[in-house]
Structures are given as structure tokens and as C-alpha cells.
Amino acid sequence: KAGVTQTPRYLIKTRGQQVTLSCSPISGHRSVSWYQQTPGQGLQFLFEYFSETQRNKGNFPGRFSGRQFSNSRSEMNVSTLELGDSALYLCASSLGDRLSYEQYFGPGTRLTVT
Amino acid sequence: AQSVTQPDIHITVSEGASLELRCNYSYGATPYLFWYVQSPGQGLQLLLKYFSGDTLVQGIKGFEAEFKRSQSSFNLRKPSVHWSDAAEYFCAVGGYGGATNKLIFGTGTLLAVQP
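On a predicted model such as this, the values are computed, not experimentally measured, just so you know.

(A) Region of the structure containing the pattern of salt bridges. Counting across every chain of the model gives ten salt bridges over all chains. For glutamate 75 of chain A, the salt bridge identified is with arginine 73 of chain A, shortest N-O distance 3.3 Å. The class of glutamate 75 of chain A is buried, set by a relative accessible area of 15%. One salt bridge connects aspartate 85 of chain B with lysine 78 of chain B, and the closest N-O pair in it is separated by 2.8 Å. The pair formed by aspartate 85 of chain B and lysine 78 of chain B is uniform in burial state, with each residue classed as buried. Among the ionic contacts, a cluster of salt bridges with common partners joins Arg63, Glu82 and Asp85 of chain A.

(B) Broad picture of the state of the cysteines. Taken as a whole, this structure holds two disulfides over all chains when the rule is applied. With a sulfur-sulfur separation of 1.8 Å, cysteine 23 of chain A is cross-linked through a disulfide to cysteine 91 of chain A. Between cysteine 23 of chain A and cysteine 91 of chain A, the S-S dihedral sits near 65°, and the bridge is therefore right-handed. Of the two residues, cysteine 23 of chain A is situated in strand E3 (residues 19-24) and cysteine 91 of chain A in strand E9 (residues 87-94); the sequence distance between them amounts to 68 residues. Of the two residues, cysteine 23 of chain A and cysteine 91 of chain A, neither departs from the other in class, the shared state being buried. Through a disulfide, cysteine 23 of chain B is tied to cysteine 91 of chain B; the S-S separation comes to 2.0 Å. Torsion about the S-S bond of the cysteine 23 of chain B and cysteine 91 of chain B cystine: about -65°, corresponding to left-handed handedness. In this pair, cysteine 23 of chain B is assigned in the loop between strand E3 (19-21) and strand E4 (24-26) and cysteine 91 of chain B in strand E10 (residues 87-94), connecting sequence segments 68 residues apart.

(C) Expanded view of the nonpolar core. Grouped together as the largest cluster of nonpolar side chains are 27 residues, with contacts concentrated most on Leu19, Trp35, Leu47, Leu48, Phe74, Leu76 and Tyr89 of chain B. Looking at this core, the elements that each hand over two or more residues are strand E2 (10-14), E3, strand E5 (32-38), strand E6 (44-50), strand E8 (64-68), strand E9 (73-78), E10 and strand E12 (109-114) of chain B. If you tally residues by element for this core, the top one is E10 of chain B, at four residues. Membership of the second largest hydrophobic core comes to 21 residues, among which are Cys23, Phe64, Met76 and Val113 of chain A.

(D) Fine view of the interface of chain A and chain B. Taken together, the contact between chain A and chain B spans 23 residues of the former and 19 residues of the latter. In total, chain A and chain B occlude about 1800 Å² of area from one another, counting both sides; carbon and sulfur atoms represent 54% of this. Sorting the residues of chain A by area buried against chain B places Leu43, Tyr101 and Phe105 of chain A first, and these three jointly supply 37% of that buried surface. The interface formed by chain A and chain B includes one salt bridge. Glutamate 102 of chain A serves as the salt-bridge partner of lysine 49 of chain B, at 2.8 Å between the closest nitrogen and oxygen.

Rules used in this analysis
Residues numbered from 1 in each chain as written. Chains lettered and ligands numbered in written order. Predicted model: local features only at pLDDT ≥ 70, side-chain atom pairs only at ≥ 80, totals over all residues. Heavy atoms only, no water. Salt bridge = Lys/Arg side-chain N within 4 Å of Asp/Glu carboxyl O. Buried < 20%, exposed > 50% of the residue type's maximum accessible area, 1.4 Å probe, protein only. Disulfide = S-S within 2.5 Å. Helix = DSSP H or I, 4+ residues; strand = E, 2+ residues; numbered from the N terminus. Core = buried A, V, L, I, M, F, W, Y, C linked by side-chain atoms within 4.5 Å. Contact = heavy atoms within 4.5 Å. Buried area = accessible area lost by both parts, 1.4 Å probe.

Keep in mind these numbers describe shape, not what the thing actually does.
Okay, here's the thing in C-alpha cells:
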């Protein structure tokens, strides 16, 4: 079974621009979660989507948003990029039901904001 | 609020030596606990998990962890470290408020393995 894929793997953007990152979960998984990883703040939960609905949300500003499609693929968008948004963005997929708490992570998208 | 503490930022062990990585959590109920490993430039790989039952859990790559409720700890162990184990290790807790997939991570422990 193919793992979680994320595209693109690397991205360079300019401050003020917006960016969209994509995540394709493992086949059959209905939950996709997004995390931001930085040297200063570590791994932080952004949000989770399940069956096209945002189910949980972390403490990030509204510039960070996401969505999930009917095939469970998810995108996250960051508008008005700031230098501090430079990070590794990881997505994780899971079955999503209450009995399965295992999340499988993709390789991440490295975003650099200049 | 729930939190996870990994007191050791960096650990160096010799190849073949035993390893123990510490993890303490703060959580009001029975936690769901995880250990992940991250190699440079890679995502996170799940090593093992604890939800309930036997407090000693076995994972992949020869790792095990023991849940001790009285100490709020979930330490990761390996009896004999291999050079390929060099990586960063993250302890995480989930399940707070019913948010099963909202993981709170520790700051990580970077493991170096000496030949």
C-alpha cells in the first residue's frame, strides 16, 4: 500500500504571497492532519480534516486554512506569507475512526519564505 | 493542558550499548502515547503506541516502551543500538478532549551513535 504523499517537497515563496500544499493520504484513510515543524516551536498541530469537514483545529491564525476533497486528499493554504512561516509542513493520515489512533506521516513539504 | 516533556535534547551512545529515552506527560485522563522517529529530511515514522492494556509495548526496529502511570512516563528503550538508529525521536500524546488525531509532541531527543 502506498504511503502518504505530499507535493511539492520543496517550495520557496516571497513574503506576502500565498501557498497551497497538497497531501494524498493512504488509500482507505479518511482523516488527514497537518502539522508545522520549526526549530523554535517544534511540531505543532494545525488542523484535522475528516470526511471533508474540519474536525479539530490548533492555535494558528486564520491565514492558515485547509480543505479536504471527497477522495480524502487534502490541501492546506497559507495566505500573506510571513518569514516565520518557513517550516516543514507534515501531513498525517489515519483511518479516522475512534478505534484507530495511528497516524502515518508523509515526508513533508519544506517551505522557505524569503 | 496536556504537555509532553523530553528532558534530554541530545544523547550519544556507543553502538551496541543500551538506550533509554525519557518522556513525561501531563494529562488528566488515560493518555494515548506514541513514539515517532524522524531521520534527517524525512517525515515521522511510528515506532510504537500505547492505548491501554499491557504497559510494556513492543514496536518496530527492536524498540519497546513502558507506560508508568504513577510516574507519568513513557520511556523508550532498546537493548542494543545500531548505527542506523541515529535520528531524532519524538514522544507524543493524543486523545485530549476526544481529539484522537490531535497529537501534542515533545521537543524531541536527538540520538547520535558512536562506532
